[in-house]
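# A closer look at the structure
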Amino acid sequence: MILYPAIDLKDGQCVRVLHGDLTTATVFNASPADQARQFVESGFHWVHVVDLNGAVQGRAINEKAVEAILENVSIPVQLGGGIRSMKDIERWIEAGVSRVILGTIAVTDPEIVKAAAREWPEQIAVSVDVRKGKVATQGWTESSDLDAVTVSKRFEDAGVGALIITDIDRDGTVMGFNVEAFGAIADAVNIPVIAAGGLASVDDIVRLRARKGVPIAGAVLGRALYNGAISPAEALKVAA
C-alpha cells in the first residue's frame, strides 16, 4: 500500500483544515517545499498536494508553492485543486507533476477527464469527495446528487490511474477510517482506490490492508501525521 503524505496549500502555506472549511485552517509549515523535503527524508515515496484556494476558485492560486515543491523533491508528486481544463493539466504535467487529480470536472464534464486519461495514461487521478453519501464539487462547497460508485464507474477502462476517495465527514477529524465505505468502492470498480479522510493511527492502515476483497491501493496521511499521532517509520512499515 502506497502512503501519500498530504500538503494542503492555503495562501502559500502548508495547512490542515476541518471538513475542507478554509476558515478552520491551522498552519503547520510556512514553507511547503520544506515540508515536502521532510516527507522525503522520512522515507515516503509520493507527496499528495492540494491547492485549497484553487479548488474553491476553480483556478491555480498556489502556483509558486507547488513549483517550489517540484523543484525541491525528486519523488513523484500528485496535485489537485482548481485543475479544470486540458490546458491546466498539460501545464502541470510539463512542470513535473507525476499525477494530476481531477475532482469537480469528473462530475461536471467527465469527457475532459477521459480525454486527459487518453492523452496522459496513468497520470490522471479522479478525486471522488463524498459528504453524507453524495459527491461534492467546487472545493467541497457544492453537492451533487451522485453517489461515489456512480461517479467512479464513469471512468472504468478510461486509463485513469487512481481514484482518491475522500470521506469529507471525517476529513481532518482524526476519527479513524471508514474502511467499509472505501472497501465497497474498491470492490465495485476496477480502478485502484486511495483512501483519504479521517486517518487516526497506524491501526487504520492495518485495517485497510486486512479487509477482505479488492486491496486498497493507498492512503492519504494528513492531520495525524502532522500532530505526531502517526510516526512515518511505523506507518511505512505496516503499509509495506
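Here, every reference points to the structure presented above.
For the structure given in this document, a descriptive report is provided here. This is a predicted model, so every value here is computed, not measured.

## Examining the pairing of strand 1 (residues 2-10)
Counting buried residues in strand 1 gives eight out of nine residues, a clear majority hidden from the surface. In terms of strand pairing, strand 1 meets strand 12 (residues 218-221) through four bridges, oriented parallel. From the neighbouring strand, Tyr 4 faces strand 12, where its bridge partner is Val 220. Bridge count for strand 1 against strand 4 (residues 47-51) is four bridges, and the pairing is parallel. Along strand 4, the bridge assignment pairs Asp 8 with Val 50. Here strand 1 pairs with strand 2 (residues 13-18) via three bridges, running antiparallel. If you follow Leu 9 over to strand 2, its bridge partner there is Cys 14. The hairpin formed by strand 1 and strand 2 contains two residues between the paired strands, and Asp 11 there has a positive phi angle of roughly 55 degrees.

## Some details on the layout of surface pockets
Size it by volume and the largest pocket reaches roughly 180 Å³. Around the largest pocket sit 15 residues that line it, and Val 130, Gly 133, Asp 167, Ala 181 and Ile 185 are the ones nearest its centre. Residue assignment for the lining of the largest pocket shows that the elements contributing at least two residues are strand 7 (124-131), helix 7 (148-153), strand 10 (162-167) and helix 8 (179-188). Residue composition of the lining of the largest pocket, grouped by class: seven nonpolar, three polar and five charged.

## A closer look at the packing of aromatic side chains
Under the defined criterion, the tally for this structure stands at five aromatic pairs. With a centroid separation of 5.0 Å and an interplanar angle of 45 degrees, the aromatic rings of Phe 28 and Tyr 226 are classed as tilted. Taken together, the positions of Phe 28 in strand 3 (residues 21-29) and Tyr 226 in helix 10 (residues 223-226) put the pair 198 residues apart, joining distant regions of the chain. Between Phe 39 and Tyr 226, the aromatic rings sit 5.9 Å apart at their centres with planes inclined by 80 degrees, giving edge-to-face as the arrangement.

## What about unusual backbone geometry?
Unlike most non-glycine residues, Asp 11 shows phi in positive territory, near 55 degrees. Within the secondary structure, Asp 11 sits in the loop between strand 1 and strand 2. Non-glycine residue His 19 carries a positive phi angle of around 55 degrees. Considering the arrangement of structural elements, one finds His 19 in the loop between strand 2 and strand 3.

## Some thoughts on empty space enclosed by the protein
It is a probe the size of a water molecule, rolled over the atoms, that shows where empty space is left. In total, this model carries two cavities of 30 Å³ or more according to the counting rule given. As a volume, the largest cavity reaches approximately 560 Å³. In this structure, the largest cavity is lined by 41 residues; those nearest its centre are Val 50, Ser 127, Asp 129, Trp 140 and Thr 166. When residues in the lining of the largest cavity are grouped by element, the largest group, three residues, is from helix 2 (residues 52-57). The volume enclosed by the second largest cavity comes to roughly 30 Å³. If you go around the second largest cavity, the residues you meet are Asp 51, Ala 60, Val 66, Leu 79, Gly 80, Gly 81, Ile 83 and Trp 92. Across the lining of the second largest cavity, the residue classes tally to five nonpolar, two polar and one charged.

## Side note on the pairing of strand 3
Bridge count between strand 2 and strand 3: four bridges; the pairing is antiparallel. Note on strand 3: the bridge partner recorded for Arg 16 is Thr 26. Linking strand 2 back to strand 3 in an antiparallel pair, the connection comprises two residues, with His 19 at a positive phi of about 55 degrees.

Rules behind the numbers
Residues numbered from 1 in each chain as written. Predicted model: local features only at pLDDT ≥ 70, side-chain atom pairs only at ≥ 80, totals over all residues. Heavy atoms only, no water. Buried < 20%, exposed > 50% of the residue type's maximum accessible area, 1.4 Å probe, protein only. Helix = DSSP H or I, 4+ residues; strand = E, 2+ residues; numbered from the N terminus. Pairing = 2+ DSSP bridges. 1 Å grid on protein atoms, 1.4 Å probe; cavity = no way out; pocket = protein on both sides within 12 Å on 5 of 7 lines; lining within 4 Å. Points joined across faces, edges and corners; volume = space filled by probe spheres on them. Nonpolar A, V, L, I, M, F, W, Y, C, P; charged D, E, K, R; others polar. Phe/Tyr/Trp six-rings, centres within 6.5 Å; stacked < 30°, edge-to-face > 60°.

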